[in-house]
Amino acid sequence: MNKVPVKVFPTPETATAQLAADTATLIRNNDLAGKPTVLGLATGSTPIRYYQELIRLHKEDGLSFQNVITFNLDEYAGLPPEHKESYWMFMQQNLFSHLDIKAENIHLPSGIVDEAAIPAHCDDYEKAIIAAGGIDQQILGIGRTGHIGFNEPGSPKDSLTRAIQLDQITREDAAPSFDGIDNVPTAAITMGCGTILAARRIVLMAWGAGKASIVKKAVQGPVNDIVSASYLQEHDNAVFYIDESASTEL
Ligand code: PGA
């Protein structure tokens, strides 16, 4: 029934420990080969434990991020980096400030580019990913709309980095952290589905009963633009790391 590999773990902690160990192996093997490691990163509540484990491996196990290059999926339109809810701030607080990563190797789309300059900014983002050698491992969460990054329903499979209007459900889910839906941005800049699918390995994480029904649609449903995570069924190295409560409808 599952049209993409799914690994069910007893808890999010066991899943993220495995993913962080996978990531450490990837980084160390690339270091030995003299190659940088290019990581595609995500925000939201889902990857926080993964980031905590990467920080632990850095501090306690000597895992170095000196040769790691990162590209984040998305950023809210209109939020400057110093805004408390910007994804730039999220990444600094939850990961980057705790590692030895070089500032120039960190990439996020900017939320404060003038409207007229957005297409060129997005094009530059795509070119920077290609210039880095492409993404070795992209991690993803999944929204209740089935979005990956901010690729809301209607996003084509070959879409690239671009501005997008946020779905009402996505804005409702963000409302508590913004002290109300009126403060939630209406748009974002996001990597496209095509950008994500170009990664050599993709790991989508999902925790909790609230994700069970969208996980089922992404894993077992038809591949279409109603659930952009369903495109992962057509990738040759994509896997879902989920906990038991997110797996109950499979
Ligand atoms: P969450 O968001 O990690 O906060 O559940 C996931 C998403 O919207 O992609």
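Conventions adopted
- Residues numbered from 1 in each chain as written.
- Predicted model: local features only at pLDDT ≥ 70, side-chain atom pairs only at ≥ 80, totals over all residues.
- Heavy atoms only, no water.
- Helix = DSSP H or I, 4+ residues; strand = E, 2+ residues; numbered from the N terminus.
- Rg over C-alpha atoms; globule rule 2.2 N^0.38 Å.
- Contact = heavy atoms within 4.5 Å.
- Areas by Shrake-Rupley, 256 points an atom, 1.4 Å probe, with all protein chains shown as cover.
- 1 Å grid on protein atoms, 1.4 Å probe; cavity = no way out; pocket = protein on both sides within 12 Å on 5 of 7 lines; lining within 4 Å.
- Points joined across faces, edges and corners; volume = space filled by probe spheres on them.
- Nonpolar A, V, L, I, M, F, W, Y, C, P; charged D, E, K, R; others polar.
- Buried < 20%, exposed > 50% of the residue type's maximum accessible area, 1.4 Å probe, protein only.
- Salt bridge = Lys/Arg side-chain N within 4 Å of Asp/Glu carboxyl O.
- Near = heavy atom within 4 Å.
- Polar contact = N/O pair within 3.5 Å; in protein donor to acceptor, adjacent residues only side chain to side chain.
- Sits in = over half its atoms within 2 Å of the grid points.
- Pairing = 2+ DSSP bridges.
- Axes fitted to C-alpha atoms, helices over the stretch in contact; angles between N-to-C directions.

Peer 1: Would you mind going over the overall build of the protein in detail, with residue names and values included?
Peer 2: Along its length, the protein carries seven helices and ten strands. Its C-alpha radius of gyration of 17 Å places the protein within 12% of the 18 Å reference for a compact globule of 250 residues. Overall, the protein is about 45 × 45 × 35 Å in size when its C-alpha atoms are taken along their principal axes. Long-range contacts, defined as pairs at least 24 residues apart, comprise 79% of the intrachain contacts of the protein with a sequence gap of at least 6. Taken as a whole, the protein presents about 10,700 Å² of accessible surface, with 53% of it coming from carbon and sulfur.

Peer 1: Any details on the layout of surface pockets? Residues and values, ideally.
Peer 2: Empty space among the atoms becomes visible once a probe the size of a water molecule is rolled across them. Put simply, the largest pocket is a space of about 680 Å³. Around the largest pocket, the lining is made up of 33 residues, and of these Thr43, Gly44, Ser45, Tyr76 and Tyr87 lie nearest the centre. Among the elements of the structure, strand S4 (74–76), helix H3 (87–94) and helix H5 (168–174) are those that each provide at least two residues to the lining of the largest pocket. It is H3 that provides the largest number of residues to the lining of the largest pocket, a total of five residues. Of the residues contributing to the lining of the largest pocket, the split by class is 14 nonpolar, 13 polar and six charged.

Peer 1: Pulling in residues and values, what's your account of the environment of Gly78?
Peer 2: By the secondary structure assignment, Gly78 is in the loop between S4 and H3. For Gly78, a relative accessible area of 51% corresponds to the exposed category. Look past the residues within four positions of Gly78 in its chain and what remains in contact with it is Gly111 and Ile112.

Peer 1: How would you sum up the pattern of salt bridges? Please name residues and give values.
Peer 2: The tally for this structure, following the rule as stated, stands at ten salt bridges. Measuring nitrogen to oxygen at the nearest pair gives 2.8 Å for the salt bridge that ties Arg49 to Glu13. With Arg49 in helix H2 (residues 48–61) and Glu13 in helix H1 (residues 12–32), the pair connects residues that are 36 residues apart, well separated along the chain. Overall, Arg49 belongs to the partly exposed group, its relative accessible area being 31%. Taking relative accessible area as the criterion, Glu13 reaches 43% and is therefore assigned partly exposed. With a shortest N-O distance of 3.9 Å, Asp61 and Arg28 are connected by a salt bridge. Of this pair, Asp61 sits in helix H2 while Arg28 sits in helix H1, and the two are 33 residues apart along the sequence.

Peer 1: Hey, could you go over the site of the ligand for me, with residue numbers and the actual values?
Peer 2: For the ligand, the full set of nearby residues is Gly44, Ser45, Thr46, Gly141, Ile142, Gly143, His147 and Lys211. Within the side chain of His147, a nitrogen or oxygen atom sits 2.7 Å from an oxygen atom of the ligand. Coverage of the ligand by the protein amounts to 72% of the 280 Å² it exposes when considered alone. According to the grid-proximity analysis, the pocket containing the ligand is the largest pocket. For the shell around the ligand, a count of residues per class yields one nonpolar, six polar and one charged.

Peer 1: Which residues make up the sheet that holds strand S5 (residues 106–107), and what values go with them?
Peer 2: The strands making up a sheet are joined through hydrogen bonds of the backbone, oriented either antiparallel or parallel. Taken in spatial order, the seven strands line up as S1-S10-S9-S6-S2-S3-S5 in an open sheet, and their pairing is parallel. Strands at the two margins of the open sheet, each flanked by one partner only, are strand S1 (6–9) and S5. With five bridges joining them, strand S9 (residues 201–206) and strand S10 (residues 238–243) adopt parallel strand pairing. Across the sheet, Ile202 pairs through a bridge with Ala238, a residue of S10. Together, S1, strand S2 (37–41), strand S3 (68–72), strand S6 (137–140), S9 and S10 form the strand contacts of H1, whose direction differs from that of S2 by roughly 150°.

Peer 1: Any chance you could break down the environment of Gly62 for me, citing the residues and the numbers?
Peer 2: Residue placement: Gly62 occurs in the loop between H2 and S3. Here Gly62 falls in the exposed class, since its relative accessible area comes to 58%. Linking Gly62 and Leu204, residues 142 residues apart in sequence, is a C-alpha distance of 26 Å. Ignoring sequence-local partners within four residues, the contact set of Gly62 consists of Arg28 and Leu57.

Peer 1: Explain the sheet that holds S4 to me, and be specific about the residues and the numbers.
Peer 2: Read from one edge to the other, the open sheet built from three strands follows the order S4-S8-S7, with strand pairing classed as antiparallel. Looking along the sheet, the strands with just one partner apiece sit at the ends: S4 and strand S7 (162–165). Here the average twist between neighbouring strands, direction ignored, is 25°.

All we've got here are geometric facts, nothing functional implied.
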